[in-house]
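# Structural description and commentary
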Amino acid sequence: MRLDNIVVVAKREYLQRVRTKGFWISTLLIPVFISAITVLPTLLIFASQTSQTIVVVDETGRLAQDFVKRATSRGEGKTAPGDAKERGLVADESKMARFEVTVEPFSGDPERQRAALNGRVLAEEIDAWVWIGPSVLTGGKAEYHARSVSNLFTQDALEDELSATVRRARLSQAGLDPDRVGELTRPVKLETIKISKEGSRAEGGPGGMLFGVLLFMMLYMMMFIWGQQVMNSVLEEKGSRVIEVLVSTLRPFDLLMGKLVGTCLAGLTQLALWQGTLVVLTAPRMIGAIGRMPEGVSIPTMTPLMAINFLLFFILGFFTFSTLYAAIGSAFNNLQEAQQTASVAVIFLILPVFVMYPVINDPNSTMAVVMSLIPLFTPLMMPLRMTAQMPPAWQILLAYALTLGFIVVMVWFCARIYRIGILMYGKKPTIQEIWRWTRYA
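Conventions and cut-offs
Residues numbered from 1 in each chain as written. Predicted model: local features only at pLDDT ≥ 70, side-chain atom pairs only at ≥ 80, totals over all residues. Heavy atoms only, no water. Helix = DSSP H or I, 4+ residues; strand = E, 2+ residues; numbered from the N terminus. Buried < 20%, exposed > 50% of the residue type's maximum accessible area, 1.4 Å probe, protein only. Contact = heavy atoms within 4.5 Å. Areas by Shrake-Rupley, 256 points an atom, 1.4 Å probe, with all protein chains shown as cover. Salt bridge = Lys/Arg side-chain N within 4 Å of Asp/Glu carboxyl O. Pairing = 2+ DSSP bridges. Phe/Tyr/Trp six-rings, centres within 6.5 Å; stacked < 30°, edge-to-face > 60°. Lys NZ or Arg CZ within 6 Å of the ring centre and 35° of its normal. Axes fitted to C-alpha atoms, helices over the stretch in contact; angles between N-to-C directions. Parallel < 35°, antiparallel > 145°, perpendicular 65-115°, else oblique. Left-handed = near helix turned anticlockwise from the far one by under 90°. Nonpolar A, V, L, I, M, F, W, Y, C, P; charged D, E, K, R; others polar. pLDDT = per-residue confidence, 0-100. Lys, Arg positive; Asp, Glu negative; His and termini not counted. Patch = residues over 30% accessible without salt bridge, like charges linked within 9 Å, V, L, I, M, F, W, Y side chains within 5 Å.

### With respect to the overall build of the protein chain
Looking only at helices and strands, the protein chain features 18 helices and 6 strands. For the protein chain, the residues scored as buried account for 44% of the 441 residues in total. Restricting the contact set of the protein chain to residue pairs at least 6 apart, pairs at least 24 apart contribute 75%. Only carbon and sulfur atoms are counted for the fraction: they give 63% of the accessible area of the protein chain, which is about 22,800 Å².

### Topic: the pattern of salt bridges
Applying the stated criterion to the full structure yields 12 salt bridges. With a shortest N-O distance of 2.4 Å, Arg17 and Glu13 are connected by a salt bridge. Residue Arg17 and its partner Glu13 are both found in helix H1 (residues 3-18); the two are separated by 4 residues, about one turn of the helix. Exposure class is identical for Arg17 and Glu13. Each is buried. Arg112 is the salt-bridge partner of Asp109, the closest N and O atoms lying 3.8 Å from each other. Looking at Asp109, the relative accessible area reads 33%, which means it is partly exposed. Overlapping salt bridges, with partners in common, bring together Arg12, Glu13, Arg17 and Lys259 in one network.

### Side note on the pairing of strand S3 (residues 128-132)
When you tally the buried positions in S3, you get 5 out of 5 residues, the bulk of the element. Residues Ala128, Val130 and Ile132 of S3 are buried on one face, and the alternating residues Trp129 and Trp131, pointing to the opposite face, are buried as well. In terms of strand pairing, strand S1 (residues 50-58) meets S3 through 5 bridges, oriented parallel. By the bridge assignment, Val56 is partnered in S3 with Val130. With 4 bridges joining them, S3 and strand S4 (residues 143-146) adopt antiparallel strand pairing. The residue of S4 that forms the bridge with Trp131 is Glu143.

### Side note on the packing of aromatic side chains
For the structure on display, the rule yields 8 aromatic pairs. Between Phe314 and Phe318 the ring centres are 6.2 Å apart and the planes differ by 40 degrees, which places this aromatic pair in the tilted class. With Phe314 and Phe318 both in helix H12 (residues 304-331) and 4 residues apart, the pair spans about one turn of that helix. Here Phe314 matches Phe318 in class, with each residue buried. We note Arg114 situated over the ring of Trp131; from NZ or CZ to the ring centre the distance is 4.4 Å.

### Notes on the packing of H12 against helix H16 (residues 378-388)
Running from N to C, H12 and H16 cross one another at 165 degrees; their axes reach a closest spacing of 9 Å. Put simply, H12 runs roughly antiparallel to H16. In the crossing of H12 with H16, the sense of the turn from one axis to the other is left-handed. Only Thr378, Pro379, Met382, Pro383, Met386 and Thr387 of H16 make contact with H12, whose side of the interface consists of Met306, Asn309, Phe310, Phe313, Leu316 and Gly317. Among the residues making up the contact of H12 with H16, the classes are represented as 8 nonpolar, 4 polar and no charged.

### Describing H16
For H16, the tally of buried residues reaches 10 of 11 residues, placing the bulk of the element in the interior. Within H16, the full set of buried residues consists of Thr378, Pro379, Leu380, Met381, Met382, Pro383, Leu384, Arg385, Met386 and Thr387.

### Focus: unusual backbone geometry
Phi angles above zero are rare outside glycine, and Glu124 is one such case at about 65 degrees. Within the fold, Glu124 resides in the loop between helix H5 (110-122) and S3.

### Quick notes on the confidence of the model for the protein chain
Counting all residues, the mean pLDDT for the protein chain is 76, and 74% of those residues have values of 70 or more. Throughout residues 77-94 the model reports pLDDT below 50, and contacts reaching past four residues in sequence, or to other chains, amount to 45 contacts. Here residues 284-294 scores under 50 on pLDDT; set against residues more than four positions off or in separate chains, the count is 16 contacts.

### Overview of the side chain of Arg385
Mapped onto the secondary structure, Arg385 falls in helix H16. Of the side chains bearing the opposite charge, Asp362 lies closest to the buried Arg385, which forms no salt bridge; the N-O distance is 8.3 Å. Setting aside anything within four residues of it in sequence, one finds Arg385 in contact with Val359, Pro363, Asn364, Ala368, Val369, Ser372, Met390, Pro391, Pro392 and Gln395.

### A look at a nonpolar patch on the surface
Together, Ile347, Ile350, Leu351 and Phe354 make up an exposed nonpolar region whose accessible area comes to about 370 Å². The topology assignment puts Phe354 in helix H13 (residues 335-354). Overall, the relative accessible area of 63% leaves Phe354 in the exposed class.

And the structure:
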């Protein structure tokens, strides 16, 4: 192994990638994409407000007025005994749906009145109508009629206010004071405070979960994209026969290591830019400037220790999978053949995705600890645990040691495949042939 040759190849691989427009476009667009599929939907739900014009028909004659008062108060963000705040929901949820409610007296002819209300909905005079029958007071259901019934958040809001109205009527009917009962049965809301060596601070659970998912998806995308980059690079050089010129002056191992180091540095450059953006956006002063956040939801900050571990685990993950991708690229003749085998490697990247939320919920569970110590899963699982709760130091050190040992074995094994595979053309090699390459290389 000659270090100067590795440096030359690494420099070429690095500059070849960072000087392309595609590198800078992906550097800007991928964080936007990840944020769009993780954080943005939740923020849009809380920031959005639906307005509906509703007509209520109350056969009991006892519920409509109280229901109208509650629905209107909810839309204006006001509170009343037994309302959304007392049931433990955040205040912003009460503003997600706004209602303009009018009461229409029961005519005594349900079929004709229902048909007339349907006509008003179809003529777009009103958005929906609600029918409250006598059975509601004894456990029956109310009816909601509208052109679209896929507006689940709006229906939940109406259901909440109607339930509160019916509950108060039942309590009054039983001779109890609804306001007093509401005060005595008011739920207790938890204020979540995260404890760390740096000190305790309030942190919303949803914010911590979204932050963990964001970092996890970022690592996942990076390992997948840059592993594929290594495989495509090997296939391109092999297909154009450039590889034959390179191996005439370089040892295959030096060429492989230079290619891995250069591509890894390009990935680190991209990751460092993303992390710098995250550090700025999660700074305490910036958190308040990020739109209208719902009450109880905050964005955790990325500490320097977390950032360093994040970068180190990316390097470990990159070498774990990129050596395998390089071996696959050298063993096959075209991209289609290589991708069929590369799908096996992708499985080890996808499996952590299926256990992502259980690990965030319980980062110290047996499954989370075991998977974070398996080298193929460590680069994704250990950083995910760190975002939820910092694992014990011995687990982090053990994860580093096991993964480094695994990488040494992978580099040795895949380098032997690479040494012979880059000069093999023709038919698709079998598993037995690839195994023979590792024995005789």
